[in-house]
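A closer look at the structure
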Amino acid sequence: MIKYKWKHLLTVLLLLSLCFTGCNTQEADRTEAPSSQQQNVVETSNPQKTGSLTVQYLDVGQGNAILAESEGHYMLIDGGARESSSFVVSYLKEQKVEKLDYLLISHFDEDHLAGAIGALHNFPVDTLLTPDYETDSAIYRSYEKAVNEKSYEAVHPKVGEKYTLGSAEFRIISPVSYGHEDENQDSVGMILENGENRFFIGGDIGLESEKEILAAGTDIQADVMLMNHHGSHVSREFFEQVAPSYCVISCGADNSYGHPRKDTMSLIKEKKTPVFRTDKQGTVILHSDGSQISSEQQPCQDYTPGQRGNSGGQDDKNESLELFNNSDAEHCDYVLNVHTKKIHKPDCGSVRQMGEKNRAYYKGDLQMLKDNGYTGCGSCNP
Ligand SMILES: [Zn+2]
Ligand SMILES: [Zn+2]
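Residues numbered from 1 in each chain as written. Chains lettered and ligands numbered in written order. Predicted model: local features only at pLDDT ≥ 70, side-chain atom pairs only at ≥ 80, totals over all residues. Heavy atoms only, no water.

Taking an unreviewed UniProt entry as the reference, the protein is identified by name as MBL fold metallo-hydrolase belonging to Blautia argi.

**Quick word on the overall build of the protein**
A count of helices and strands for the protein gives 11 helices and 19 strands. Counting all 382 residues of the protein, 51% fall into the buried class. Across the protein, contacts joining residues at least 24 apart in sequence account for 67% of those joining residues at least 6 apart. Entry remark: accessible area of the protein is about 18400 Å², with carbon and sulfur atoms responsible for 49%. (Helix = DSSP H or I, 4+ residues; strand = E, 2+ residues; numbered from the N terminus. Buried < 20%, exposed > 50% of the residue type's maximum accessible area, 1.4 Å probe, protein only. Contact = heavy atoms within 4.5 Å. Areas by Shrake-Rupley, 256 points an atom, 1.4 Å probe, with all protein chains shown as cover.)

**Remarks on the sheet that holds strand β18 (residues 359-362)**
Pairing within the open sheet is mixed, and its four strands lie in the order β18-β16-β17-β19. Each end of this open sheet is capped by a strand with a single partner; those strands are β18 and β19 (375-376). Direction of pairing for strand β17 (residues 342-344) relative to β19: parallel, over a ladder of two bridges. If you follow Lys-342 over to β19, its bridge partner there is Thr-375. (Pairing = 2+ DSSP bridges.)

**Structural notes on the coordination of the zinc ion (ligand 1)**
Tetrahedral coordination by four donors puts the ideal angle at the metal at 109.5 degrees, and octahedral coordination by six puts it at 90 or 180 degrees. Looking at the metal site, the zinc ion (ligand 1) is ligated by Asp-111 (OD), His-112 (NE2), Asp-204 (OD) and His-230 (NE2), spaced 2.1 Å from it. Here the zinc ion (ligand 1) binds four donor atoms, and the angle range of 86 to 157° at the metal identifies the geometry as irregular. Each donor residue of the zinc ion (ligand 1) belongs to the same chain, with the gaps between them written as D-H-x91-D-x25-H. A separation of 3.5 Å is found between the zinc ion (ligand 1) and the zinc ion (ligand 2), both of which receive a donor from Asp-204. Residue Asp-111 is found in helix α3 (residues 110-122), and its partner Asp-204 is found in the loop between β10 (197-201) and α5 (207-215); the two are separated by 93 residues along the sequence. Residues Asp-111 and Asp-204 agree in their burial class; the two are buried. (Donors = N, O, S within 2.8 Å, 3.2 Å for Na, K, Ca; no water. Tetrahedral: all angles 85-135°; square planar, octahedral: opposite > 155°, others 65-115°.)

**A short note on the coordination of the zinc ion (ligand 2)**
Donor atoms from the polypeptide that coordinate the zinc ion (ligand 2) comprise His-107 (NE2), Asp-109 (OD), Asn-184 (OD1) and Asp-204 (OD), at 1.9 to 2.2 Å from the metal. Of note is the zinc ion (ligand 2), whose four donor atoms meet at the metal with angles of 89 to 162° in an arrangement that counts as irregular. Relative accessible area serves as the criterion here: at 24%, Asp-109 is assigned to the partly exposed category.

**Observations regarding the pairing of strand β4 (residues 73-77)**
Counting buried positions along β4 yields four of five residues, so the element is predominantly enclosed. Judged from the five bridges that link them, strand β3 (residues 66-70) and β4 form a sheet pairing that is antiparallel. Paired with Leu-67 across the bridge in β4 is Leu-76. Between the end of β3 and the start of β4, which pair antiparallel, lie two residues, with Glu-71 showing a positive phi angle near 55°. Pairing between β4 and strand β5 (residues 100-104): three bridges, direction parallel. Bridge pairing in β5 links Ile-77 to Leu-104. Handedness of the β-α-β unit built from β4, helix α2 (residues 85-94) and β5 comes out right-handed. (Right-handed = clockwise from strand over helix to strand, strands pointing away.)

**Thoughts on the pairing of β18**
Judged by which residues are buried, β18 turns out to be covered on both faces: Arg-359 and Tyr-361 on one side and Ala-360 and Tyr-362 on the other are all buried. Bridge analysis of strand β16 (residues 334-337) against β18 gives four bridges, and the strand direction is antiparallel. When the sheet's bridge partners are listed, Val-335 is paired in β18 with Tyr-361.

**Overview of the pattern of salt bridges**
Going through the model one piece at a time under the given rule, you end up with 14 salt bridges. The partner of Glu-149 in a salt bridge is Lys-145, and the shortest N-O contact between them spans 3.8 Å. Within this pair, Glu-149 and its partner Lys-145 are both found in helix α4 (residues 138-150), separated by four residues, close to a single helical turn. Judged by relative accessible area, Glu-149 falls into the exposed class, the value being 51%. Salt bridges linked by common partners bring Arg-236, Glu-240, Glu-270 and Lys-271 together as one network. (Salt bridge = Lys/Arg side-chain N within 4 Å of Asp/Glu carboxyl O.)

In structure tokens, the structure reads:
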């Protein structure tokens, strides 16, 4: 008698579970139907069941702010500059973000940090990820204040570490080392991965950090590449290793830095890689279902480089100093005159006559300098 009852109960349970499985399948099918907003399929590969990931490159003018969401879990990568801080906060509120699973600050430059401070004040943060260095800027001090108020302890992720965000996961690829003269090179970079879809996000890394990443043998291939440092320098070798199917550039319309750079845009164009730009299109939104990436707008296919501001010459000089002054008198391979754009060997007689303000100590590739309009000094023949 009892046995029979159990048998009966089991049958009922079996039927019930079958019904639930059926319902679940229907539900899944329904959510997989393409919505009218997500029509532009930009990448295809083998179908595989993974949850969804949305990556939004917010239009924060000259700066970076990326909101990634998977299965109700959120990560904000940088928060843009001061001017866009309140925009970022209200954007996140509109998206019904209640807390951030991660706030990742790639590095402590104002165009990445200011809005992140706004986010710190407005949303609880489970894990705060930052590079492992400190700086003495005013904006850094207000960041420290916000972190102390909330009693947060920043985690400094190491290359190779992996973190989970819903169905997605991100793997840290930089910085390989610290102590660069140019803080941009200390940016925390990652590959954000959902099923078979990969997004490269490297903050403001440049040629130096790229070299270290390549030397470390890290797998950096990705479907979508956020161009480093607002479309500033990228080496051919690095770009070819990422080999993206799509590029995204986050920079301000008519910015005075001349971002994106002309050589970077020519390289992307040469590779026939479709490009999305926040300065031309506003916020760029991409969706991944684990096998396909779709976008809410078409790539803009605008490969025109940024124009330098009115103080062009001065900016040019500053950028050269920022990019190429990466060593010191003792260790450098070359001494540069950023004003005349001449390359000298460190022992060249004319180095002594060069004004301190125009001098950059450079360790690295000679060809890189030539690619950037520098020529060798006629007497020391570097
Ligand atoms: Zn920046
Ligand atoms: Zn920077």
